[in-house]
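# Remarks on the overall topology
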Amino acid sequence: CSLAQVVSKEKGRWVVREDGVVSFQFARVLPDLQSTKEPHQIMEQFFRSRKLAVNMVSFVAILTMFRTLTTGDSQLIFVKAISNEVFMKPCHVKELLAASVDAEVAAEI
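Residues numbered from 1 in each chain as written. Predicted model: local features only at pLDDT ≥ 70, side-chain atom pairs only at ≥ 80, totals over all residues. Heavy atoms only, no water.

With that settled, consider the packing of aromatic side chains. Note on aromatic pairs: each is described by the distance of the centres and the angle between the planes. All chains considered together, the criterion is met by 1 aromatic pair. An angle of 45° between the planes, with centres 6.0 Å apart, marks the rings of phenylalanine 66 and phenylalanine 78 as tilted. One end of the pair, phenylalanine 66, is in helix α3 (residues 56-68); the other, phenylalanine 78, is in helix α4 (residues 72-83), with 12 residues separating them in the sequence. Judged by its relative accessible area of 16%, phenylalanine 78 falls in the buried class. (Phe/Tyr/Trp six-rings, centres within 6.5 Å; stacked < 30°, edge-to-face > 60°. Helix = DSSP H or I, 4+ residues; strand = E, 2+ residues; numbered from the N terminus. Buried < 20%, exposed > 50% of the residue type's maximum accessible area, 1.4 Å probe, protein only.)

Okay, here's the thing in structure tokens:
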């Protein structure tokens, strides 16, 4: 089935069908890892290719979530989790530093 059969927009909101079965195939093109012979460079290229770039809209969502966390421990867990999955620009890191609740979190960032 097509995406239009599963998802529709009504009154400015996305509506997803509640019945049926959805299946999809996800394909991601990996970089040519054979361009270098050094193992550490191959690993670096592989991990870089798996991370997602953060744009302004995505970062606003991340920062909003981060600010709702009220303890240093919860903020540390959050920072460690996103650091494995996304690339952030220096300005994004600076905003996270400013929003952190304690020095331990800031040091980890």
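In this section: the packing of α3 against α4. Taken N-terminus to C-terminus, the directions of α3 and α4 make an angle of 155°; their axes are 9 Å apart at the nearest point. Taken together, α3 and α4 sit at an angle that is classed as roughly antiparallel. Seen along the crossing, α3 lies across α4 with a hand that is right-handed. In this structure, α3 uses Ile62, Met65 and Phe66 to contact α4, whose residues at the interface are Gln75, Phe78, Val79 and Ile82. (Axes fitted to C-alpha atoms, helices over the stretch in contact; angles between N-to-C directions. Parallel < 35°, antiparallel > 145°, perpendicular 65-115°, else oblique. Left-handed = near helix turned anticlockwise from the far one by under 90°. Contact = heavy atoms within 4.5 Å.)

For the protein, the average pLDDT comes to 81, and 90% of its residues sit at 70 or higher. The lowest-confidence element of the protein is helix α1 (residues 3-6), averaging 74 in pLDDT; the highest-confidence one is α3, averaging 92. (pLDDT = per-residue confidence, 0-100.)

The next subject is unusual backbone geometry. Located in the positive-phi region is lysine 11, a residue other than glycine, with phi close to 55°. Position of lysine 11 among the secondary structure elements: in the loop between β1 (7-10) and β2 (13-16). Look at lysine 11 and you get exposed, because its relative accessible area is 88%.

What follows concerns the environment of glutamate 95. On the secondary structure map, glutamate 95 appears in helix α5 (residues 90-99). Sequence separation of glutamate 95 and phenylalanine 59 is 36 residues, and the distance between their C-alpha atoms is 9.8 Å.

What follows concerns the side chain of glutamine 75. Mapped onto the elements of the fold, glutamine 75 is located in helix α4. Residue glutamine 75 is classed as buried on the basis of its relative accessible area, which comes to 0%. Of note is the side chain of glutamine 75, whose polar atom sits 3.4 Å from the backbone oxygen of phenylalanine 66. Apart from the residues lying within four places of it in its own chain, the contact partners of glutamine 75 are Phe66, Leu69, Ala99, Ser100, Val101 and Val105. (Polar contact = N/O pair within 3.5 Å; in protein donor to acceptor, adjacent residues only side chain to side chain.)

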